[in-house]
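Breakdown of the fold
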Amino acid sequence: MRIDVLTLFPEMFPPVLNASILGRALTAGVAEVHLHNIRDWAADKHSVVDDYAYGGGPGMVMKPEPLAAAIEAVRGSAKPAGQTVLLTPQGRLLKQPVVDELAVEARLILVCGHYEGVDERIREHFVDDEISIGDYVLSGGEPAAMVVVDAVARHQPGVLGSELSLEEESHAQGLLEYPQYTRPAMYRDLPVPEILLSGHHAEIAKWRRRQSLIRTARRRPDLLAKAELSEEERRIVRDEMAAD
Ligand code: 4G3
């Protein structure tokens, strides 16, 4: 997969992209991220990329010409063009199914907005999709683009964990993860749950499933509406919700 990022701040990306599992995946060539400075497509000698809003009001708006030129140039540089996605608080919310959808593309172009936003004509005529990573406003779309790169890269074959089936990843089933422990078995006066030390794999799987259900019922009851649960699992959830 190839991801092109259009941004006014390309220097924000390498420290994040080169770190951790994501960094290893990109170094291994599992995916390529190409960074482009939108300012390079500004036409005037001062490289102006923003301007006042028509109709007045506070804040600046990103001008259409540099953005359009950047998108067209980057689209032309490889085939197939792939989806052009604007990161914006007004986009559809990024959830695992949206990640899964983006992850199968051969190419993605991520556009990071700044100032008070992007000229509406860019949204309408140069962008295929608008995505928000959550209901809050950032000073720029860059952190949101990094979230998309990370989430999408995790799905590429060869990335640690990408071979886990949807069966195994509890979030894919609409549940929260069960609690995890590692050594030591006793930390200060805090023991690891005995079942996990027992070696009874079937019992451990049952315990984990139950913990996922309890945790989801407590923290994210909204997720349970879509989760596929057995009658026994529904009972566990009901009991947990009743126990206040
Ligand atoms: C306004 C994305 C602001 C319009 C971007 C871009 C939050 C998110 C911006 C626009 C952002 C998010 C830049 N803030 N929740 N700020 O994904 O197109």
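Everything below is about the structure shown above.
Re the sheet that holds strand β5 (residues 83-93)
Taking strand neighbours across the sheet as the criterion, the five strands line up as β2-β1-β6-β5-β7 in an open arrangement whose pairing is parallel. Each edge of the open sheet carries a strand with a single partner, namely β2 (32-37) and β7 (129-132). Averaged over all neighbouring strand pairs, the angle between strand axes comes to 30°, with direction disregarded. When β5 meets strand β6 (residues 107-112), the two strands line up parallel, connected through five bridges. Residue pairing in the sheet places T84 in a bridge with I109 of β6. Where helix α4 (residues 96-103) meets the sheet, it contacts β5, β6 and β7, and its direction lies at approximately 170° from that of β5. Strands in contact with helix α6 (residues 142-153) are β1 (2-7), β2, β5 and β6; relative to β6, the strand with the most contacts, it is inclined by about 160°.

Some points on the packing of helix α7 (residues 201-219) against helix α8 (residues 231-242)
In the contact formed by α7 and α8, the axes pass within 9 Å of each other and the chain directions differ by 45°. By the angle between their axes, α7 is oblique relative to α8. Crossing angle aside, the handedness with which α7 passes α8 is right-handed. The segment α7 lies against α8, with R209, R210, L213, I214, A217 and R218 engaging E233, I236, V237, E240 and M241. Residues belonging to the contact of α7 with α8 are distributed by class as follows: six nonpolar, no polar and five charged.

Focus on the nonpolar core
Burial of nonpolar side chains together is a common tendency in soluble globular proteins. The biggest cluster of nonpolar side chains holds 28 residues, and the ones touching the most others in it are I3, L102, L110 and V152. Every element with two or more residues in this core is listed here: β1, α1 (13-17), α2 (20-27), β5, α4, β6 and α6. Per element, the largest residue contribution to this core is eight residues, and it comes from α6. Those residues within four positions of L110 in sequence are excluded, and the remaining contacts are I3, D4, V5, L6, V85, L87, A145, V148 and V149. Within the second largest apolar cluster, 17 residues are counted, among which are L67, V74, L86 and V127.

The rules we used
Residues numbered from 1 in each chain as written. Predicted model: local features only at pLDDT ≥ 70, side-chain atom pairs only at ≥ 80, totals over all residues. Heavy atoms only, no water. Pairing = 2+ DSSP bridges. Helix = DSSP H or I, 4+ residues; strand = E, 2+ residues; numbered from the N terminus. Axes fitted to C-alpha atoms, helices over the stretch in contact; angles between N-to-C directions. Contact = heavy atoms within 4.5 Å. Parallel < 35°, antiparallel > 145°, perpendicular 65-115°, else oblique. Left-handed = near helix turned anticlockwise from the far one by under 90°. Nonpolar A, V, L, I, M, F, W, Y, C, P; charged D, E, K, R; others polar. Core = buried A, V, L, I, M, F, W, Y, C linked by side-chain atoms within 4.5 Å. Buried < 20%, exposed > 50% of the residue type's maximum accessible area, 1.4 Å probe, protein only.

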